[in-house]
Amino acid sequence: MKKALIIQNKYIGDVLVASIIAKNIKSVFPDIEVHFFCYNKAISILDNNPYINKIIDFDDTELKKIPVLWKYAQYIRKEKYDIIFDPYAKLQSRFIILFSNAKRRISFNKPFFKNLYTDVFLEEKYPKIVCCTSIENRCLLLTPFFQDFSTINFQTEIFLKDSEIADARKLMSQVGITFSKPILMIGVLGSVLDKSWPLEYMSELINLLTQNFNVDILLNYIPNQKKEVENILKNVTNKKPIYSNILGKNIREFSAILKNCTALIANEGGAVNTAKAIDIPTFSIFSPHKFRKDWGCYENLFIHKSFHLMDIFPEVYQEFSIKEILKNPTPFYKIMSPDKVLPNIDKYLQEVLKISPKGKTFFKIPSLHPKITALAITYNEEVNIDRYLNDISFADEIIIVDSYSTDNTKNKFLKYPNVKFIERKFDNFTNQKNFAISQASNDWIIFFDLDEHIPEGLKIEILTTVNSENTKDAYWVYRNFFFSGKHIKYSGWKNDKVIRLFKKNKVHYRENKFVHEEIICDTKAGFLKHKIDHFSFNSIDSYHKKLNQYASLKAEELFKKRQKPNFFHYYIKPAFRFFSHYFLQLGFLDGKSGYIIAKMYAQYVLDRYKYLDQLWIENRKL
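Residues numbered from 1 in each chain as written. Predicted model: local features only at pLDDT ≥ 70, side-chain atom pairs only at ≥ 80, totals over all residues. Heavy atoms only, no water.

## Regarding the environment of glutamate 511
- Inspection of the secondary structure assignment puts glutamate 511 in the loop between β21 (507-509) and β22 (519-521).
- Exposure remark for glutamate 511: the relative accessible area of 60% places this residue in the exposed category.
- As for glutamate 511 and tryptophan 444, which are separated by 67 residues in sequence, their C-alpha atoms are 21 Å apart.
- When residues no more than four places from it in sequence are discounted, the contact partners of glutamate 511 are Thr430 and Asn434. (Helix = DSSP H or I, 4+ residues; strand = E, 2+ residues; numbered from the N terminus. Buried < 20%, exposed > 50% of the residue type's maximum accessible area, 1.4 Å probe, protein only. Contact = heavy atoms within 4.5 Å.)

## Focus: helix α6 (residues 162-174)
- Look at α6: 19 Å from first C-alpha to last across 13 residues, which is about the 18 Å you get at 1.5 Å a residue.
- Once α6 finishes, glycine 176 follows within two positions and takes phi at roughly 110 degrees, a positive value. (Expected span 1.5 Å × (residues − 1).)

## Overview of the packing of aromatic side chains
- Summed over the entire model, instances satisfying the criterion amount to 28 aromatic pairs.
- Measuring from centroid to centroid gives 5.0 Å for phenylalanine 426 and phenylalanine 429, while their planes differ by 75 degrees, and the two rings are edge-to-face.
- According to the relative accessible area criterion, phenylalanine 426 is partly exposed, its value standing at 25%.
- Accessibility expressed as a relative area gives 13% for phenylalanine 429, which makes it buried.
- Aromatic rings pair up to connect Phe578, Phe579, Tyr582, Phe583, Phe588 and Tyr595 into one cluster.
- Seen from the ring of tyrosine 126, lysine 293 lies directly overhead, with NZ or CZ sitting 5.5 Å from the centre.
- The ring of phenylalanine 447 has lysine 433 sitting right over it, with the charged end atom 5.2 Å from the ring centre. (Phe/Tyr/Trp six-rings, centres within 6.5 Å; stacked < 30°, edge-to-face > 60°. Lys NZ or Arg CZ within 6 Å of the ring centre and 35° of its normal.)

## Observations regarding the nonpolar core
- With 78 residues, the main nonpolar core has Leu184, Ile186, Val188, Trp197, Leu219 and Ile446 as its most contacted residues.
- With sequence-adjacent residues up to four places away left out, isoleucine 446 is seen in contact with Ile372, Thr373, Ala374, Leu375, Ile392, Phe394, Ala395, Ile462, Arg500 and Leu501.
- Grouped together as the second largest cluster of nonpolar side chains are 63 residues, Ile32, Ala42, Leu46 and Ala256 included. (Core = buried A, V, L, I, M, F, W, Y, C linked by side-chain atoms within 4.5 Å.)

## Observations concerning the sheet that holds strand β8 (residues 216-220)
- Here six strands make up an open sheet; going across it, the order is β9-β8-β7-β10-β11-β12 and the pairing parallel. Each having just a single partner strand, β9 (242-243) and β12 (304-307) make up the two edges of the open sheet.
- Inspection of the sheet shows strand β7 (residues 183-187) paired to strand β10 (residues 263-267) by four bridges, in the parallel sense. Across the sheet, residue isoleucine 186 finds its bridge partner in β10, namely isoleucine 265. (Pairing = 2+ DSSP bridges.)

## Things to note about the pattern of salt bridges
- All told, the structure shown has 27 salt bridges when counted by the stated rule.
- The shortest N-O distance in the salt bridge between arginine 500 and glutamate 452 comes to 2.9 Å. Of this pair, arginine 500 sits in strand β20 (residues 497-503) while glutamate 452 sits in strand β17 (residues 452-453), and the two are 48 residues apart along the sequence.
- Connected through shared salt-bridge partners, Asp449, Glu452, Arg479, Asp496 and Arg500 make up one network. (Salt bridge = Lys/Arg side-chain N within 4 Å of Asp/Glu carboxyl O.)

## Side note on the sheet that holds strand β1 (residues 3-8)
- With parallel pairing, the six strands of this open sheet are ordered in space as β3-β2-β1-β4-β5-β6. Lying at the two open borders of the sheet, with one neighbouring strand each, are β3 (54-58) and β6 (119-121). Between one strand axis and the next, the sheet turns by 15 degrees as a mean value, whatever way the strands run.
- Pairing of strand β2 (residues 33-39) with β3 involves five bridges; the strand directions are parallel. Pairing of phenylalanine 37 across the sheet is with isoleucine 56, part of β3.
- Contacts between helix α1 (residues 12-28) and the sheet are confined to β1, β2 and β4 (83-85), with β2 contributing the most and set at about 175 degrees to the helix. (Axes fitted to C-alpha atoms, helices over the stretch in contact; angles between N-to-C directions.)

Okay, structure coming up:
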């Protein structure tokens, strides 16, 4: 073998990882000449690399032009390469491969294009050795030359000169860094704002570092992100140990500055990949759309750690596709609030970097994400308590307003220290719920009944909704109604919906409604896509008691409106209710259950007017 070419367009991390191929092919063929076809903005990462003999650089925009691409294809053909590695495997590199005339052309097994290559390999979904597929899959291209895959050298490297490191140290000294204490570089932003941990969260990270640890802090960012950095610093209380203007003129100068630091804490990306290539410890915060299995490189080593949304809410990825997350990443980032992330960074500083906190005082970590209060009104709900509290465990505050239950409801709730339990004499559902709202201390409220089950998808949807921008003041939730364990699909329950998520100061219950309480919201409510399961009916007897209570309260409501019952109310309305549930709303399709429901609701209407008549009789006696 005389000559090899590696094609890797695009980003610094990709180019850095692909350079591993050069190191390993040289170990097999020491005299081979290795060239690297590379995006011109990333070539400095390859400077001084002893395994690369020549860099062929290009402008990314120009290469998209057919004449320019053809020019490069002709040039590469003339070089007469024995091997071409194509880890990039996109249209431009395939065009070059087509005309290359190389003896061995090695890439990944992709549909329609595999015949362009002499050797193709299926990319692995999960890593086996260095905790990331981004490295291991590129090294798959080396398997024709290695009998044992595990003997490949998987470590990325940037080859800095001693003079570059010394010049960076001198630059740092000139701005006042004494190197007498640990130096932490903080990558405060990703490549774009949508790929960055929220700015207000990053402020709290810096507050944690400056208040708890005796360290110097260097901020890393792209020069055009200066405005965002200023916004971060506005919320930082102690700016004295912070250096925000030591950026480096290029990737090599940045790398040399980083080499003089103790560690890097950053949004996962190019800066983290650079740190790992120069053996600097890292703690990275992953974007919700990226995964450790792909880019958590070398986390099998003690010095590299990270935080991912998967650590606290793996269920998110069962409910949302990567495309959905990429389309609107903000609410997913906001779930990764400082109170979830910063304890991990604090532990990393102390246990991995061996940096001790100063003094005994400790910075209180705020959550910053919108807080949620879970409210419920109860009476004899002991059988539902454990499931309910598990369902609303994501809430920041839990308040129960109980109507002096006669079972074990109170004692069961009091076993949970995070539950605020209040007893109030029941007058009607509306007043009870409005009282509960008045007790809430957070802006967002979830108000579920204890006989409702909140599925995981709805929990995640609630969290992402309240963390989104341009939220509605209230949200409808559809319900699945269950009758003795059977899902009722018709009988008037097909499109049953209730408002269960709303803003405290924007919503209240209509005061003159005693039962089937009605939400008042001045703006149009939104809809959540996930449904709740409503297990209101456990037995005919218990449900009849519930409807009887509703009938009594509805009668009081009608009495206050001075309505009097007549023949129409006693005979026509109950009959029509049965007809509506059983025929108009297709209750007969629910079988025997549909008939029972129709009959019970007809009785409920009749009982309502019987109670109303009784109220008028008692009124005349007065």
